[in-house]
Amino acid sequence: MKEEIRQNGKTILSSEDGFSIRMFFNNLSGKNFSGKEYRNYVRNIAFGEMGFRPDTIELYCDGEKVRTGTLPEL
């Protein structure tokens, strides 16, 4: 199964390992972190290293959208 995180129709991360993309999506959407830890993760990792921007993100599994989240403006 191919899993992807997309933003504005562009695939930013993808994998077929069955777990890493869902973990990243949960990190990005604030499910695994909160408060200062979440803001630091978004600022330094998502924006700084992965290339995301403040906006909607979408999780796709085999080409079908299964979840949506939002990266906040910091």
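Each value, and the rule that gives it
- Residues numbered from 1 in each chain as written.
- Predicted model: local features only at pLDDT ≥ 70, side-chain atom pairs only at ≥ 80, totals over all residues.
- Heavy atoms only, no water.
- Pairing = 2+ DSSP bridges.
- Helix = DSSP H or I, 4+ residues; strand = E, 2+ residues; numbered from the N terminus.
- Axes fitted to C-alpha atoms, helices over the stretch in contact; angles between N-to-C directions.
- Polar contact = N/O pair within 3.5 Å; in protein donor to acceptor, adjacent residues only side chain to side chain.
- Contact = heavy atoms within 4.5 Å.
- UniProt positions renumbered as here; feature names shortened; annotations may be inferred.

> Got a sec to walk through the sheet that holds strand S2 (residues 10-15)? Specific residues and values, please.
Strand order in the open sheet formed by four strands is S2-S1-S3-S4, and the pairing between neighbours is antiparallel. Each having just a single partner strand, S2 and strand S4 (64-71) make up the two edges of the open sheet. Adjacent strand axes in the sheet meet at a mean angle of 25°, parallel and antiparallel pairs treated alike. By the bridge criterion, four bridges tie strand S1 (residues 3-7) to strand S3 (residues 55-61) in an arrangement that is antiparallel. Paired with glutamate 3 across the bridge in S3 is cysteine 61.

> Tell me about the side chain of glutamate 58, residues and numbers included.
Looking at the secondary structure, you find glutamate 58 in strand S3. Polar contacts involving the side chain of glutamate 58 include one to the side chain of tyrosine 60, which spans 3.4 Å. In this structure the side chain of glutamate 58 is engaged in a polar contact, spanning 3.3 Å, whose partner is the side chain of lysine 65. Beyond its immediate chain neighbours, meaning those up to four positions away, glutamate 58 contacts Glu4, Ile5, Arg6, Phe25, Lys65, Arg67 and Thr68.

> Could you give an account of the UniProt feature "domain: DUF7688" (unreviewed entry) in the protein chain, naming the residues involved and the relevant values?
Per the UniProt record, "domain: DUF7688" (unreviewed entry) is annotated on residues 2-72. Within the segment residues 2-72, helix and strand shares are 35% and 37% respectively, and the terminal C-alpha atoms sit 26 Å apart.

> Kindly report on the environment of aspartate 55, identifying the contributing residues and their values.
Tracing the backbone shows aspartate 55 in strand S3. The spacing of aspartate 55 and phenylalanine 24 is 31 residues in sequence and 16 Å in space, taken between C-alpha atoms. In this structure aspartate 55 touches Gln7, Asn8, Gly69, Thr70 and Leu71, once residues within four positions along its chain are discounted.

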